[in-house]
Amino acid sequence: MQKNKPTGFSLPSELIRKIDAERGDIPRSRYLLRILEKVYPSSEIEKQEVATVN
């Protein structure tokens, strides 16, 4: 099973500029992944996956 799934989405230009200013030399995808991981901790994601399977 593939751990990561390529995903694309659009964001407003102003938000991209803010993200780029904050992330420094970290790739944008990695920076956004870290933000999402803070909002959705692993245990919460695992609970959602189990609920989806059942």
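*Asks:* In this structure, what is going on with the pattern of salt bridges? I would like to understand it.
*Replies:* Side chains that differ in charge, positive against negative, can pair when their charged atoms come close. Tallying each qualifying case throughout the model produces three salt bridges. Put simply, Arg 17 and Glu 14 hold a salt bridge, and the shortest N to O gap is 3.0 Å. You can see Arg 17 and its partner Glu 14 sitting in helix α1 (residues 13-23), three residues apart, about one turn around the helix.

*Asks:* Help me understand a nonpolar patch on the surface in this model?
*Replies:* Together, Ile 35, Leu 36, Val 39 and Tyr 40 line one region of the surface with nonpolar side chains, adding up to about 350 Å² of accessible area. Tracing the chain through its elements places Tyr 40 in the loop between α2 (28-39) and α3 (42-53).

Reading guide: rules and limits
- Note that residues are indexed from 1 along each chain, following the sequence as it is written.
- Given that the model is predicted, a residue must reach a pLDDT of at least 70 before its local features are reported, and side-chain atom pairs must reach 80 or more before they are shown or counted; all residues, however, enter totals for whole chains, interfaces and linings.
- Processing note: side-chain calculations cover all non-hydrogen atoms of the structure and skip hydrogens and water entirely.
- Any carboxyl oxygen of Asp or Glu within 4 Å of a side-chain nitrogen of Lys or Arg constitutes a salt bridge here.
- We count a stretch as a helix when DSSP gives it H or I for four or more residues in a row; a strand needs E for two or more, and each element gets its number in order from the N terminus.
- Exposure above 30% relative accessible area and the absence of a salt bridge qualify a residue for a patch, where like charges join within 9 Å and nonpolar side chains (Val, Leu, Ile, Met, Phe, Trp, Tyr) within 5 Å.
- Using the Shrake-Rupley algorithm and a 1.4 Å probe, accessible areas are obtained, with residue cover drawn only from the displayed protein chains.

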